[in-house]
Amino acid sequence: ARRWVKGEPMEEVAYVDRVELVAYDLPPGWQIALDERKAIASPPPSGAPLFYREERLPVRATNDRGQDVRADVLAADLRAAPPGAPDPRFIGLTAPHQLTLEFDRALDDGPGRPVLVLDGWVEYPYAQTVFAAWQAGAPCAAPTLEARSATGGLRTIAPGFGYPAGMPRRMTLPLAALPAGTIALRLSTTQEIYWDRAAVAYAEARPQAVSHALPLTAATLRASGFALRTTGPQRTPFYDHDHRAPLWDTRHARGWYSRFGDVLPLLSTRDDATVVLGPGEDVLVEFSAPAAPLPAGWTRRYVLKARGWCKDMDLYTRDGDTVTPLPGAASPARDALHARFNTRYEGGR
C-alpha cells in the first residue's frame with residue numbers, strides 16, 4: 001500500500017473533493033515534471049505531465065546587485081539565490097529584485113518544447129498585508145519573465161506568471177512565446193521568492209512511459225495535532241510530523257466539519273462533495289501499490305492529485321470566520337453525502 005497525508009497546520013478551512021495517485025514508469029534517461037504553478041496571469045497551468053530527456057542549466061546567473069549566484073541555482077538543495085531586501089513593513093514583500101540566467105546556446109535549439117523549470121519557495125503575505133501594501137503604494141508584483149536574444153534587448157514573454165506556492169516545490173512555465181535565438185532569461189518580482197534551482201527542459205511527446213492509476217482503498221479523517229513548525233535559513237519552512245502538539249494558536253471557523261473516521265465516499269469521486277477539515281486535522285489516504293514490477297533501468301515517479309479549496313481566516317478574507325459558503329456546485333447527491341458525513345460542529349474555538 002502507499003500512504004499519503006493531507007494536513008491542515010494553519011488557521012484555515014480545507015475542502016478536499018477528490019484525491020488520486022498515479023504512478024509513471026519512465027524508460028531510462030527520461031524525467032517527468034508537471035505543468036504546475038500558482039498562476040496569477042493567464043494561461044493557467046494544466047497539471048499535465050511533461051516528459052523530457054534533456055535539460056539545460058545556466059552557464060551564468062546574476063542578480064540585480066551584480067552578484068554571481070549560479071552556485072545557488074544549480075541544485076534543489078534549499079540554498080537559494082538571495083532575493084531583494086525584505087520590506088520591514090509588509091511580510092512577503094521585498095525591494096524589486098531580478099535573476100538573470102544566461103545559457104551557452106539558443107534556447108529554441110532543442111529536441112522539444114522549451115519549459116522553464118524552477119524549484120523554490122515563497123514567504124506568503126496575507127490579504128490584509130497586501131491591502132496595506134497597496135494603500136502604501138508598495139507594489140506586490142508577481143514574477144515576470146523576459147527573454148534576450150544574442151543581438152540584445154529584453155522582451156517580456158510572461159508577465160506576472162506566478163510562483164512556486166506553499167512548501168519548497170517545483171513549478172514549470174512552458175515557453176511558448178520564446179523569441180528565436182534567446183540566450184538569456186530574466187525573472188523580476190517584488191515577492192519574497194527564493195529561487196533554488198533553475199533550468200530549461202525540453203518536453204517531448206510521451207515516450208513508452210506507463211501510467212498506473214492506483215485505486216484509493218481507504219481515507220480516514222483524524223485529529224492528529226499540529227506538526228512542529230521550524231523556519232530554517234532563508235525562511236525555509238519545515239513541519240516535523242513526528243513531533244505534534246494537541247493545541248496551537250489557532251481557531252476553527254464556525255460551521256459543520258466532517259466527522260472523524262472513514263471519509264472514503266467523499267474523496268473517491270469528483271463531485272464537489274468535500275471532506276471539510278480544520279486546524280490540527282488531517283486525512284490519511286491509502287492506495288493499492290502497483291502490481292507490475294519495473295523493467296531494468298526504469299524509474300517510477302508518483303503524482304498525487306488533489307482537487308479542493310482552502311480558505312484562511314484573514315481579516316480581509318470574505319466569509320473567513322465561517323465554513324460556509326461551501327465551494328463547488330450543489331446537487332442532491334452532494335447534499336446527501338454532506339448530510340451523512342459533515343456532522344461535526346466547531347464554534348470558533
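Here the structure is a predicted model, which means the values were calculated and not measured.

**Q** An account of the environment of isoleucine 183 is needed here, citing residue identities and associated values.
**A** Examined against the element boundaries, isoleucine 183 turns out to sit in strand β13 (residues 182-191). Judged by its relative accessible area of 23%, isoleucine 183 falls in the partly exposed class. Along the chain, isoleucine 183 and glutamine 208 lie 25 residues apart, while their C-alpha atoms are 31 Å from each other. If sequence neighbours within four positions are ignored, isoleucine 183 has contacts with Leu101, Glu102, Phe103, Arg105, Ala106, Arg148, Ser149 and Ala150.

**Q** Can you tell me about the pattern of salt bridges, naming the residues and giving the values?
**A** By the definition in use, this model includes 25 salt bridges. With a shortest N-O distance of 3.1 Å, arginine 60 and glutamate 102 are connected by a salt bridge. Of the two residues, arginine 60 sits in strand β6 (residues 60-63) while glutamate 102 sits in strand β7 (residues 93-102), which places them 42 residues apart along the sequence. Judged by relative accessible area, arginine 60 falls into the partly exposed class, the value being 45%. Glutamate 102 gets classed as partly exposed once you look at its relative accessible area, which sits at 21%. Salt-bridge contacts for aspartate 72 lead to arginine 79; the nearest nitrogen and oxygen are separated by 3.4 Å. In this structure aspartate 72 comes out as buried when scored by relative accessible area, which is 15%. A relative accessible area of 44% means that arginine 79 is categorised as partly exposed. Taken together, the shared-partner salt bridges connect Glu54, Arg56, Asp104 and Arg105 into one network.

**Q** Account for helix α3 (residues 332-341), naming residues and giving values.
**A** Of all the positions in α3, only Arg334, Leu337, His338 and Phe341 are classed as buried. Around the axis of α3, the buried residues are gathered within 100 degrees of arc, so they sit on the same side. Facing away from the buried side of α3, by more than 90 degrees, are the exposed residues Pro332, Ala339 and Arg340.

**Q** With reference to specific residues and values, describe the sheet that holds strand β12 (residues 169-174).
**A** An order of β3-β5-β14-β8-β12 is seen for the five strands of this open sheet, with the pairing classed as antiparallel. Among the strands making up the open sheet, the edge pair consists of β3 (31-34) and β12. Recorded for the sheet is a direction-independent mean angle of 50 degrees between the axes of neighbouring strands. As defined by bridge partners, strand β5 (residues 49-56) adjoins strand β14 (residues 193-204) across four bridges and the pair is classed as antiparallel.

**Q** Give a detailed account of a nonpolar patch on the surface, specifying residues and quantitative values.
**A** Taken together, Phe131, Trp134, Leu315 and Tyr316 make up a surface patch of nonpolar side chains, about 520 Å² in accessible area. On the secondary structure map, tryptophan 134 appears in helix α1 (residues 127-135).

**Q** Residue-level account of empty space enclosed by the protein, with values.
**A** On inspection of all chains with the given rule, the structure shows two cavities of 30 Å³ or more. As for the largest cavity, its lining consists of Asn63, Arg65, Ala81, Pro82, Pro83, His97, Gln98, Leu99, Ile193 and Trp195. Only β7 and β14 provide two or more residues apiece to the lining of the largest cavity. At three residues, the largest contribution of residues to the lining of the largest cavity is made by β7. Looking at the lining of the largest cavity residue by residue, the class counts come to six nonpolar, three polar and one charged. Ala33, Leu50, Tyr52, Val115, Val117, Ala201, Tyr202 and Ala203 are the residues that line the second largest cavity. With three residues, the top contributor of residues to the lining of the second largest cavity is β14. For the lining of the second largest cavity, the class distribution of residues is eight nonpolar, no polar and no charged.

About the thresholds
- Going along each chain's sequence as written, the residues are numbered from 1 onward.
- The predicted origin of the model limits local features to residues at a pLDDT of at least 70 and limits the giving and counting of side-chain atom pairs to 80 or more, whereas totals for whole chains, interfaces and linings rest on all residues.
- Calculated side-chain values reflect all of the structure's heavy atoms, with hydrogen atoms and water omitted.
- Runs of E in the DSSP output that reach at least two residues are strands. Runs of H or I that reach at least four are helices, and both are numbered from the N terminus.
- For each residue, the accessible area found with a 1.4 Å probe, counting protein chains only, is set against the maximum for its type, and the residue is called buried under 20%, exposed over 50%, and partly exposed in between.
- Should any heavy atoms of two residues lie within 4.5 Å, those residues are counted as being in contact.
- Salt bridges are counted wherever a side-chain nitrogen of Lys or Arg sits within 4 Å of a carboxyl oxygen of Asp or Glu.
- Working note: the arc is built from the helix axis to C-beta atom directions.
- Note on pairing: two strands pair once DSSP finds at least 2 bridges between them.
- All axes here are fitted lines through C-alpha atoms, helices being fitted over the stretch that makes contact, and every angle between N-to-C directions spans 0 to 180 degrees.
- Each patch is assembled from residues with relative accessible area greater than 30% and no salt bridge, linking like charges that lie within 9 Å and nonpolar side chains (Val, Leu, Ile, Met, Phe, Trp, Tyr) that lie within 5 Å.
- Only the protein chains shown count as cover for residues, with accessible areas throughout obtained via the Shrake-Rupley method and a probe of 1.4 Å.
- Detection works on a 1 Å grid of protein atoms alone, calling trapped sets that fit a 1.4 Å probe cavities and calling open sets with protein on both sides within 12 Å along at least five of seven lines pockets, with lining residues defined by an atom within 4 Å of a point.
- Grid points are joined across faces, edges and corners, and a volume is the space filled by probe spheres set on the points.
- In this classification, the charged set is Asp, Glu, Lys and Arg, the nonpolar set is Ala, Val, Leu, Ile, Met, Phe, Trp, Tyr, Cys and Pro, and all remaining amino acids, among them Gly, are polar.

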